[in-house]
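These are the residues of each chain, in order.
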There are 4 protein chains.
Amino acid sequence: MSDRNIRLESADKRAIEDQEVEIVERKGIGHPDSICDGIAESVSRALSNLYLDRVGKVLHYNTDETQLVAGTAAPAFGGGEVIEPIYLLIVGRATKKYVKDGETLQLPVDSVALRAAREYLAENLPELDVGTDVIVDVKLGEGSGDLQDVFGEETQEVPMANDTSFGVGHAPLTETERIVHEAERALNGARYGDDHPELGQDIKIMGKREGDVIDVTVAAAMVDAYIDGMEDYIDAVEDVREFVSDLATEYTDREVNVEVNTADDYEEGSIYLTTTGTSAEQGDDGSVGRGNRANGLITPNRPMSMEATSGKNPVNHIGKIYNLLSTHIAETVVDEVDGIRDLQVRLLSQIGRPIDEPHVADAKVVTHDGVTIADIEDDVVAIMDRELADVTDITRRTIEGELSTF
Amino acid sequence: MSDRNIRLESADKRAIEDQEVEIVERKGIGHPDSICDGIAESVSRALSNLYLDRVGKVLHYNTDETQLVAGTAAPAFGGGEVIEPIYLLIVGRATKKYVKDGETLQLPVDSVALRAAREYLAENLPELDVGTDVIVDVKLGEGSGDLQDVFGEETQEVPMANDTSFGVGHAPLTETERIVHEAERALNGARYGDDHPELGQDIKIMGKREGDVIDVTVAAAMVDAYIDGMEDYIDAVEDVREFVSDLATEYTDREVNVEVNTADDYEEGSIYLTTTGTSAEQGDDGSVGRGNRANGLITPNRPMSMEATSGKNPVNHIGKIYNLLSTHIAETVVDEVDGIRDLQVRLLSQIGRPIDEPHVADAKVVTHDGVTIADIEDDVVAIMDRELADVTDITRRTIEGELSTF
Amino acid sequence: MSDRNIRLESADKRAIEDQEVEIVERKGIGHPDSICDGIAESVSRALSNLYLDRVGKVLHYNTDETQLVAGTAAPAFGGGEVIEPIYLLIVGRATKKYVKDGETLQLPVDSVALRAAREYLAENLPELDVGTDVIVDVKLGEGSGDLQDVFGEETQEVPMANDTSFGVGHAPLTETERIVHEAERALNGARYGDDHPELGQDIKIMGKREGDVIDVTVAAAMVDAYIDGMEDYIDAVEDVREFVSDLATEYTDREVNVEVNTADDYEEGSIYLTTTGTSAEQGDDGSVGRGNRANGLITPNRPMSMEATSGKNPVNHIGKIYNLLSTHIAETVVDEVDGIRDLQVRLLSQIGRPIDEPHVADAKVVTHDGVTIADIEDDVVAIMDRELADVTDITRRTIEGELSTF
Amino acid sequence: MSDRNIRLESADKRAIEDQEVEIVERKGIGHPDSICDGIAESVSRALSNLYLDRVGKVLHYNTDETQLVAGTAAPAFGGGEVIEPIYLLIVGRATKKYVKDGETLQLPVDSVALRAAREYLAENLPELDVGTDVIVDVKLGEGSGDLQDVFGEETQEVPMANDTSFGVGHAPLTETERIVHEAERALNGARYGDDHPELGQDIKIMGKREGDVIDVTVAAAMVDAYIDGMEDYIDAVEDVREFVSDLATEYTDREVNVEVNTADDYEEGSIYLTTTGTSAEQGDDGSVGRGNRANGLITPNRPMSMEATSGKNPVNHIGKIYNLLSTHIAETVVDEVDGIRDLQVRLLSQIGRPIDEPHVADAKVVTHDGVTIADIEDDVVAIMDRELADVTDITRRTIEGELSTF
């Protein structure tokens, strides 16, 4: 166990939940930055599967650089139109040829990336006409020749870290974090979205807690085809407000104030109306790694990694793996061990050593009153050790799409 | 009638049919250059209809510059795949804003162009997966502001020529021309193509007549999904050869030799196999105006216009109109007047005069033995005058897609 | 000699010079289509030289597809500016890797193409700021693997024709043709251009002869930095008119009327003023093979090849070679043999035979009065035979930039 | 003063300098992400100056999205070459037209952006041939029409916050932070770089402190033209190591271990050799906002903003302004007030209020032993108030290029 360098120590500060001011943000799946994250990650999964399928292992690639250039649209009550399509450029590196049994395989990485991106858009942005509202372009170069990395049935070994990198995860989420996260998931999901086609996918939620008052600000793109006039719009906004207000009570007893589309000016007719459900149709560009962290949130109160997780190779990109793993470990520990009010898990890799043996694996904990570090140390360390040993499961789950990266 | 400057004179040479050597070529609809022509023209029609629909008249545009960059493919018996998508760039000028009744309309020219191109591809290249085998990009700029041209219900006037340009048409087609033209149309149409999915759309036919021997050379892309092995391929090639040989007898009594895919080398396994039915998938780039002339043929024995007809504005682009009109006039005259063995009609515009009053409208005729120019002159001139007067009908038919431009 | 299939026959029609109506056009080097031709050909030369330098022979490539998308400019007396840069996309195929002595050479074709294009622009469009007025992009794919063609010291053999293609050349030029051609060359050259920086490079000249009256219409972009006001502009236009009028008298005794920038409307302030000397800065797109033929002219009265000569591989692209060679042969014959009023040379290749053995090499001649075909036949045939034997000299001269292709 | 909502409180935790483990990273100016940051910011400055120059105030724009697609290179001792150019896409929004005194001005934002980018590259990457090693493309759309923001002589007012956003700054830097930051600045500056042309600009430095041992890992691209063989290379690496080791002693008494290019494998010949001095030439893509924060460092131990500062409009983009301002305030306070061991300044905007009146301006301080919050509170609050009042000075200094954003 010592080769994992696991440490548990007191966080030596108040839990986030107990600090005076807390800020949390989540960009919904239709936000331009999240669209890029989602495409980058879906391209990554598609390439992993292509390589596993054709070669039996995941080869070198990295597709963490999708760029979105906003289009132009003319939304209108009852249904407007896209004037100039959105432009999406998929950027990255991928292995295009592989010699197997003496034969050179050509791997259709560009076509696979294009398909993955278009399918992702069709699935996640139902009001976007993938044929005419967006141009998807691809520039995948080849990387350095000596980086043909390996994952899959042929090798059961744990990969070596190829970089000094850092991942950080937290648990449990604070009330504000849960409200922000769950509200977006519910608005964009079965619980609300399925019955509310007028609500677009570009939903940005900011939560700000000062003491015991939580302000939730929602910016929600409305879809013009389902909104016949200003009254409809006002109703749609109010529906979102009520839904989020109700949902918040499931997560907190604090006072919660919800505001939706605060920048609207009904008199000027300046409202957040879109044709496609995303501001990418007009004015908002986007790129990968600029929005949510691997746990789905932006949390300036907590240490965060700058790493763009989406699109990275889940076999050997240690930054991606450690961000997902540290989050997973934090959640697992809090799930299995009682008495923890706030837990931060940090993993630091060491070049050239197996990724299940980090250079540092430290956990900082704030316990509930009456619980000491000593009370929980053995359990926490055992779980961390177990999950680190199982690191390649993170890779598997990422490839299979079970883990979200944004 | 004098203001049309119509002249009829003797061609003062042998009819093409009677010359010793004749060369004719047609690039089928799936040839990369023809794909560009087809897209440029379908974009043009879509813009004309957009303007008529929204503004009541056709505004200034020109979309005669589509560029195709070939992809990469790995065809294989039973079905291969596209490795790197084809890249298509739609280029041109279009009016994007129009002030109507004091209100500025935004015209979705980019989206309309994109839709037209994608629909054209889906319709004409059934084996091409428009979602993943091709990237369609658009760069439509705005033209000069003072060129807001007008066509439609609001104005019944004939437009003025805005350039000195030239159109030329011929009739009747020679036997070789008819064989080349009809063979491609039949192979790509209901008569053959519908029952032969193994035949791709990229068919290039060259006819060469020396005296009374006509050699027809067909290069026909085969579609791998319908071809299970070399025998299938050889059968498919032979089927085409027989079909074209039979078809040729409908148009000539001369000796006709047909060869198909002469560059094949069966021993080397070097054959014309594709995944999508077009060589654009691998190695052959394309652009507008580089292939067939407005009558669907390349005929170096006859005067030709360099003008790229496809994609040009059919209301005011005099080069496009006069090429289509001169061909139409030549065909109409030959249809209605007996005794003509070869007719060439040439129209030359004059800047600033109505387009139904060309600077020169000359017809050069070779008559059948026993027929003099004088015998037919009145009829020919009357038809020319009538058709020139009806010049805007060319515009209408082009917008409605009745006239092919390539 | 018989294996060259040379034939000489009477043209069986009047010389172009003697026909009633003649139309001739030349797009100057700064015309958007000519810019594309020039870049395509300079890229081609650069690649030929790269291959000769690194590999000792010319490898497979084809770069005949440059696409220009016009920019936006705001010209103004005394000096305006480019608002949106011109976009140039170099398209084609090129061999990127070559195994030499067991070692794989990487050939920097993209960088070389980019450099050639930028240098060409800098040299030929002095008022265009290559750094900021134009974006040059490159998409060079790899062609079919089995087409590694060969030219250079290692092989002295004549290449085989790889296609059925056709070239046609004429001599001598008619008076109208000479005036049109020479006027552009002089305006854009030392004789006029060097002392007239106010004259841009985008000069389009159309010549129309009816009987003995030649109308020359010049459209000439003026450069705003050298034109301080409307008077300057009018002077500049008048200077061009006088220069071309004078120049014309060197080539003809016919009546010549010259008009310059006829579309100008001084009252409206609508004049042909540019910042960069080319209409590509605003509104006029361009592409390869849409302008001048290999002899520098567009001559609808004469048979022309549709082949885009510029950018094609000069070693093995038979269409390029035969167009240049037929023009060269026609000029040489007329130069060396007296008594020829009009000569057309046509070369038709035969797949799989050496390119110095065309399938047909026919010359059609109109002799001066008193000269018969028999008088000149031996000489003409001997020259044609000699020049065909020397076909690879065309390749050499093209690579060295001695032959213009447009 | 109360309307600035300034608070000072104890950080309630150890100073970063006193924590057990500390990680710091800086991507040098030649790193692909930093290249994008640098271009985005230089484009931003150029647009600000364009607007000030032409309109007298800064109009709406945002250019924080440059995307870099890596090229291909073949470095070699003594001088290699770029095979495939780097592709750079400048993305953003900018106001292209402005009505001034009844006249519509066209603003050359695309050309200005292109020029700024090319000049930035030429200045900061001396070994990159801007003409042929890189393609710079531009896609600047127009934003929402109602966002014509204002800064400059005409208005002296403080702008309103248009978003809820957050900035955070720290001071003083820890020893590890200073070493990492200063080492890159010195290596890329006059102190080392000027005499060491063999050192490229792509330098990535990671510092890791555990207790009192600081490990500094440098990845430094070497430039092949100045390195004649492996011995030269080894010397160059050793020079960097020694220089950084020496420099570190200026900032700490702790043990410092420096390693340079640890991934090299001399036996395999696998070293960090480049032609242009940046890994963007081969394999490493880049984009804006993915590297250094506004203070030039990535510091996972400290709260960071996700905001991409580079390229944002410095007049009205509250996230940019508050990140720069909070850093500036922290530095100023530490400079002017004694007794502070660690200071964090956080600014949170409130939509619709002047940006000098933040919703929250809180400072968390760790004092030196013997100093209490009360001792310094008045001074700190006074400085914060003063600097907040002077917020537009941040805008001015950013436009004038005095403040670095990455």
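Anything mentioned here points back to the structure above.
Residues numbered from 1 in each chain as written. Chains lettered and ligands numbered in written order. Predicted model: local features only at pLDDT ≥ 70, side-chain atom pairs only at ≥ 80, totals over all residues. Heavy atoms only, no water.

## What to know about the overall build of chain A
Across its full length, chain A holds 7 helices and 18 strands. Computed over the C-alpha atoms, the radius of gyration of chain A is 22 Å, within 12% of the 22 Å expected from 2.2 N^0.38 for a compact globule of 406 residues. By principal-axis analysis of the C-alpha atoms, chain A measures approximately 65 × 65 × 25 Å. Counting only residues that meet the buried cut, chain A has 65% of its 406 residues in that class. Carbon and sulfur atoms provide 42% of the accessible area of chain A, an area that totals close to 14200 Å². (Helix = DSSP H or I, 4+ residues; strand = E, 2+ residues; numbered from the N terminus. Rg over C-alpha atoms; globule rule 2.2 N^0.38 Å. Buried < 20%, exposed > 50% of the residue type's maximum accessible area, 1.4 Å probe, protein only. Areas by Shrake-Rupley, 256 points an atom, 1.4 Å probe, with all protein chains shown as cover.)

## Overview of the pattern of salt bridges
For side chains bearing opposite charge, pairing can occur when the charged atoms are close. For the structure shown, the criterion picks out 149 salt bridges over all chains. Aspartate 163 of chain A is paired through a salt bridge with lysine 204 of chain D; the nearest N and O atoms lie 4.0 Å apart. Separated into two different chains, aspartate 163 of chain A in the loop between β10 (134-141) and β11 (166-171) and lysine 204 of chain D in strand β12 (residues 199-210) make up a pair that spans both. Relative accessible area serves as the criterion here: at 29%, aspartate 163 of chain A is assigned to the partly exposed category. (Salt bridge = Lys/Arg side-chain N within 4 Å of Asp/Glu carboxyl O.)

## Section: the packing of aromatic side chains
Tallied over the full model, the rule gives 12 aromatic pairs over all chains. When the centroid spacing of 6.2 Å and the interplanar angle of 85 degrees are considered together, the rings of tyrosine 233 of chain A and tyrosine 266 of chain A count as edge-to-face. Separated by 33 residues along the polypeptide, tyrosine 233 of chain A in helix α4 (residues 230-249) and tyrosine 266 of chain A in the loop between β14 (255-260) and β15 (273-274) bring together distant segments of the chain. Judged by its relative accessible area of 36%, tyrosine 266 of chain A is partly exposed. In this structure, lysine 139 of chain A packs its charged tip against the face of tyrosine 87 of chain D, placed 4.0 Å from the ring centre. (Phe/Tyr/Trp six-rings, centres within 6.5 Å; stacked < 30°, edge-to-face > 60°. Lys NZ or Arg CZ within 6 Å of the ring centre and 35° of its normal.)

## A short note on the state of the cysteines
In a disulfide, the sulfur atoms of two cysteines are held together by a covalent bond. Taken as a whole and assessed by the stated rule, the structure comprises 0 disulfides over all chains. With no disulfide of its own, cysteine 36 of chain C lies closest to cysteine 36 of chain B among cysteine sulfurs, the gap being 14 Å. On the basis of relative accessible area, cysteine 36 of chain C is assigned to the buried category, the value being 0%. (Disulfide = S-S within 2.5 Å.)

## Some thoughts on the interface of chain A and chain D
Each side of the interface is counted separately: chain A has 62 residues, and chain D has 62 residues. Summed over both partners, the interface of chain A with chain D comes to about 4600 Å²; 50% of that surface belongs to carbon and sulfur atoms. Linking chain A to chain D there are 12 salt bridges. Residue arginine 290 of chain D is joined to glutamate 65 of chain A by a salt bridge in which the shortest nitrogen-to-oxygen separation is 3.5 Å. If you look at where chain A meets chain D, you find 21 residue pairs in polar contact (both at pLDDT 80 or more). Looking at the side of chain A that touches chain D, the elements with two or more residues in it are β1 (6-10), β2 (21-27), β4 (67-69), β7 (86-94), β12 (199-210), β16 (286-287), β17 (340-348) and β18 (360-367) of chain A. (Contact = heavy atoms within 4.5 Å. Buried area = accessible area lost by both parts, 1.4 Å probe. Polar contact = N/O pair within 3.5 Å; in protein donor to acceptor, adjacent residues only side chain to side chain.)

## Considering the sheet that holds strand β17 (residues 340-348) of chain C
In any sheet, the strands associate via hydrogen bonds between backbone groups, in a parallel or an antiparallel arrangement. Residues and elements named next belong to chain C. Strand order across the open sheet formed by 4 strands is β1-β18-β17-β11, with mixed pairing between neighbours. Taken across any chain shown, the strands that pair with only one partner, and hence form the sheet edges, are β1 (6-10) and β11 (166-171). If you compare each strand with its neighbour and ignore which way they point, the axes differ by 15 degrees on average. As defined by bridge partners, β1 adjoins strand β18 (residues 360-367) across 5 bridges and the pair is classed as parallel. Opposite arginine 7, over in β18, you have aspartate 362 as the bridge partner. In this fold helix α5 (residues 318-336) packs onto β11 and β17, with an angle of close to 25 degrees to the strand it touches most, β11. (Pairing = 2+ DSSP bridges. Axes fitted to C-alpha atoms, helices over the stretch in contact; angles between N-to-C directions.)

## Looking at the side chain of glutamate 357 of chain D
Among the structural elements, glutamate 357 of chain D can be located in the loop between β17 (340-348) and β18 (360-367). Within polar-contact distance, the side chain of glutamate 357 of chain D engages the side chain of arginine 353 of chain D at 3.4 Å.

## Considerations on the sheet that holds β17 of chain D
Residue and element names in this part refer to chain D. A sheet is described by the order of its strands in space; here 4 strands give the open sequence β1-β18-β17-β11, paired in mixed fashion. Both edges of this open sheet fall to β1 (6-10) and β11 (166-171), since each of them pairs with a single strand only. Within this sheet the neighbouring strands show an average axis-to-axis angle of 15 degrees, counted without direction. Alignment of β11 against β17, held across 6 bridges, turns out to be antiparallel. Within β17, the residue paired with phenylalanine 166 across the bridge is leucine 348.

## Quick word on the interface of chain B and chain C
Contacts between chain B and chain C engage 61 residues on the former and 61 residues on the latter. Summed over both partners, the interface of chain B with chain C comes to about 4600 Å²; 50% of that surface belongs to carbon and sulfur atoms. Among the residues chain B hides against chain C, the three largest losses belong to Glu65, Arg290 and Met306 of chain B. Together they make up 16% of the total. There are 10 salt bridges connecting chain B and chain C. In this structure, aspartate 12 of chain C and arginine 14 of chain B form a salt bridge, with 3.0 Å as the shortest nitrogen-oxygen distance. In this structure, the connection of chain B to chain C is made through 21 residue pairs in polar contact (both at pLDDT 80 or more). Elements supplying a minimum of two residues to the side of chain B that touches chain C: β2 (21-27), β4 (67-69), β7 (86-94), β12 (199-210), β16 (286-287), β17 (340-348) and β18 (360-367) of chain B. Among the elements that make up the side of chain B that touches chain C, the one with the highest residue count is β7 of chain B (5 residues). Class assignment for the residues of the side of chain B that touches chain C results in 20 nonpolar, 19 polar and 22 charged. (Nonpolar A, V, L, I, M, F, W, Y, C, P; charged D, E, K, R; others polar.)

Note that every value here comes from positions in space, so none of it alone points to a role or purpose.
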